[in-house]
Amino acid sequence: MSTSTNSGGQQQTLSFDNTATASSTPLPLASDPNDNNNSERLKQQTQRLTHHLNGLTSPTISSAANVSSSNGHEASSANGNNNHFITSSTQTTITGSSYPSNGDSNSSRTFSNSQKEVLRLIGQHLQSVGLSKTVDILIHESGCVLEHEQASNFRELIMSGKWTEAIVALEKLKQYIEERDGIQQMKFLILEQKYFELIEDNHAMEALQCLRYEIQGLKIRTERTHELTTFLMFNSMKDMYKAASWSGKGFLSRQNLMEKLQKFLPPDVMLPPKRLESLLSQAVELQQERCTYHVKPGTLTLEDVSLLKDHACSKQTFPCVTIQTLTEHSDEVWFCKFSPDGTKLATGSKDGYLHIYDVDLETCKMKLRKQFEGHSFGIGCIAWCPFSRYVIACGTDECNELWIWDVEQEEQRSRMTHTPEDSLTCAAWLPCGQRFVCGGSRGQFYYCDIDGNVIDSWEGVRLQCLHVTHDGLILAADAQKHISSYKFDSLTDQQIIHEDHPIMSFTVSKDGRLALLNIATQGVHLWDLHDKQLVRKYQGVTQGNYVNHATFGGPNEEFIASGSEDSKVYLWHRRHERPIMVFSGHTRTVNCVSWHPTSPLVFASASDDATVRIWSTPEHQTKTVLPNNEPSS
């Protein structure tokens, strides 16, 4: 045993095995501050001490004897003890017994379970970016390990392509695998990789033996086993790679294999691959979902945001300014609707004209393409076919006919009128684009072909609004304050929604799950059609007894917009009852809002002031010359 005094005057004791130190001279650790050769002497002493320690501990440890602090002396801890920086191999499992104990060890520190898991995640990430020495220090100081020692050995064997040894090592992990045939499934994956690599190495006979005696011997996945035989027949390795969906022998394919194998092992034995990145990506996705003004399409990645702060979009990235005002109508504009492909905008007015505009998808500027006339009672409803070629125009309660226009040919396809007593005020296309349903407030409900021929009818249903989902479900709002589903083949209906006040209009989300209702004197309500539950009542909008049409919008339809009788456009995030923005600009009631189906940064609003306003971001405003360049608030 030898003793020394540190810079704080405290005595240090170093214990050595008697046989190892019998012929050794005690090594003083105290330094003389007046000795000019102090630094060099310390280095020599440290080297001698390291020599002694290496004889007593694991040979994988190397001392950082040459690491010095900024004052020229060896790096030391706060109490004067020397820190030994560990630079071991790239193994991920290191136990405390691999290191000498010293006064700076954190082995006595107690970590909570969550803290240990965080340390493991950090260690895994550091290892993935090549900082293996840093991982070793982290494990040593914390006393935690990244993964089970046997799992670490198993990973190393897989990545080295030592398939026989890997299968032996797998048996040692058997106790941790919960799936009944998990071991067999894992062996199959390993042998499949071995089989492919033998083929690539041009060892056809060995590959055949692997298939015949090893893979078939597992007696599982018979169809896949038969499929594997075909890969021996390829003359071109590229063709084999493509057919097998395999990237070839090497790190990438083995890493993919390891990720498949890891799914069979619990995370406390072997961490799932890239677990920290996965958790951070989930956090970013949740922040995007909760961001009030996030309207850009696509999912954010870790490269799109800063992890040092929460993601939050500003109002300036949101469609909040008028970029164009359409003034071609001479009277109240009752309806507007973008085509499903987003290339056209249709508007209908009290003046009896249906206007079709071409949409510039880059600048979002509208250009008048065609005016269709002849709608004596005005146009109160517009329905685009799913292929954006045909559009149906319906009139008001006094109108007993509807028009089907061919937008591409710029001509009338057909004109439907069944009886003089009809009132055809609403319509909706079926997904095939060749048939539609229509009806009105006088009890007519028709199922028709594209030429206006009535295929079937349903008597006594006074309709207010119609919608057909992507899977062909016909939904209708009636005068009894209900929304029901209808099946013409069996003439059966089922009530889904009941409101206390008249339903003036409604629309359905793309996935068919949610319905957005404009309710007389109440405003805008959101319903879950599957659960048949009222989800939310949105505040702010002024809704009387006139028809108003709201819309879903945004990349995932997380926004809702509606006109109002106070001449404003109200916009809500779907999760919040209070509006996040209110747009001014129109001078009379706003009857309809339509959000662009492919560009979430654009929507249109139609008003009794005879105009249609196109709304977008300030960035789009600079790309568009406004016919009426008036500010909006």
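Rules and cut-offs
Residues numbered from 1 in each chain as written. Predicted model: local features only at pLDDT ≥ 70, side-chain atom pairs only at ≥ 80, totals over all residues. Heavy atoms only, no water. Axes fitted to C-alpha atoms, helices over the stretch in contact; angles between N-to-C directions. Helix = DSSP H or I, 4+ residues; strand = E, 2+ residues; numbered from the N terminus. Parallel < 35°, antiparallel > 145°, perpendicular 65-115°, else oblique. Contact = heavy atoms within 4.5 Å. Nonpolar A, V, L, I, M, F, W, Y, C, P; charged D, E, K, R; others polar. Buried < 20%, exposed > 50% of the residue type's maximum accessible area, 1.4 Å probe, protein only. pLDDT = per-residue confidence, 0-100. Pairing = 2+ DSSP bridges. Polar contact = N/O pair within 3.5 Å; in protein donor to acceptor, adjacent residues only side chain to side chain. Core = buried A, V, L, I, M, F, W, Y, C linked by side-chain atoms within 4.5 Å. Expected span 1.5 Å × (residues − 1).

Engineer: How would you summarise the packing of helix H7 (residues 182–200) against helix H11 (residues 251–262) if you had to cite specific residues and measurements?
Structural biologist: The geometry of H7 relative to H11 is characterised by a closest axis approach of 10 Å and an angle of 170 degrees between their N-to-C directions. Judged by the inter-axis angle, H7 sits roughly antiparallel to H11. Along its contact with H7, which presents Met-186, Leu-189, Ile-190, Gln-193 and Glu-197, the element H11 presents Ser-253, Arg-254, Leu-257, Lys-260 and Leu-261. Counted by class, the contact of H7 with H11 contains 5 nonpolar, 2 polar and 3 charged residues.

Engineer: Outline the environment of Ile-474, listing residues and values.
Structural biologist: Within the secondary structure, Ile-474 is located in strand S17 (residues 474–478). Its relative accessible area of 5% is what places Ile-474 among the buried residues. The sequence separation of Ile-474 and Ser-484 amounts to 10 residues, and the corresponding C-alpha distance is 8.3 Å. Beyond its immediate stretch of four places on either side in the chain, Ile-474 contacts Val-437, Phe-445, Leu-466, His-467, Val-468, Ser-484, Ser-485, Tyr-486 and Phe-488.

Engineer: Tell me about the confidence of the model for the chain, and name the residues and values.
Structural biologist: Per-residue confidence for the chain gives a mean pLDDT of 82, with 81% of residues at or over 70. Contacts of residues 1–36 to residues separated by more than four positions or lying in other chains number 49 contacts, the stretch itself having pLDDT below 50. Predicted confidence is poor over residues 625–633, with pLDDT under 50, and the contacts of this stretch with residues over four places away or in other chains come to 18 contacts.

Engineer: Requested: an account of the sheet that holds strand S7 (residues 366–372), with residues and values cited.
Structural biologist: Taken together, 4 strands build an open sheet; the order of strands is S4-S5-S6-S7 and the sheet is antiparallel. Edge positions in the open sheet fall to strand S4 (333–338) and S7, since each of these has one partner strand only. For this sheet, the mean inter-axis angle between neighbouring strands, taken without regard to orientation, is 20 degrees. Pairing between strand S5 (residues 344–349) and strand S6 (residues 354–359): 5 bridges, direction antiparallel. If you follow Lys-344 over to S6, its bridge partner there is Asp-358.

Engineer: Tell me about the side chain of Ser-253, and name the residues and values.
Structural biologist: Within the secondary structure layout, Ser-253 lies in helix H11. Within the structure, Ser-253 has its side chain in polar contact with the side chain of Gln-193 (distance 3.0 Å). Not counting chain neighbours up to four residues away, the residues in contact with Ser-253 comprise Gln-193, Trp-246, Ser-247 and Gly-248.

Engineer: Describe the nonpolar core, listing the residues and the values that go with them.
Structural biologist: Core analysis: the largest hydrophobic core is formed by 50 residues, its most contacted members being Phe-318, Leu-345, Leu-354, Leu-571 and Ile-614. Ignoring anything within four residues of it in the chain, the contact list for Leu-354 reads Ala-346, Thr-347, Lys-370, Gln-371, Phe-372, His-375, Ile-379, Ile-382, Val-391, Ala-393 and Trp-405.

Engineer: Requested: an account of H11, with residues and values cited.
Structural biologist: Taking 1.5 Å of rise per residue, 12 residues should cover 16 Å, and H11 covers 16 Å from first to last C-alpha, within 8% of that figure. All of the buried residues in H11 are Ser-253, Arg-254, Leu-257, Met-258, Leu-261 and Gln-262. Packing partners of the buried residues in H11 comprise helix H5 (149–160), helix H6 (163–172) and H7.

Engineer: An account of the side chain of Ser-484 is requested, with residue identities and associated values reported.
Structural biologist: Here Ser-484 shows up in strand S18 (residues 482–487). In contact with Ser-484, not counting residues within four places along its chain, are Ile-474, Leu-475, Ala-476, Gln-494, Gln-495 and Ile-496.

Engineer: With reference to specific residues and values, describe the sheet that holds strand S20 (residues 503–508).
Structural biologist: A sheet is described by the order of its strands in space; here 4 strands give the open sequence S20-S21-S22-S23, paired in antiparallel fashion. Each of the sheet's edge strands pairs with one partner strand only, and the pair in question is S20 and strand S23 (533–538). Taken pair by pair, the neighbouring strands of this sheet meet at an average axis angle of 25 degrees, ignoring direction. Here strand S22 (residues 523–528) pairs with S23 via 5 bridges, running antiparallel. Its bridge partner being in S23, Leu-526 is matched across the sheet by Arg-536.

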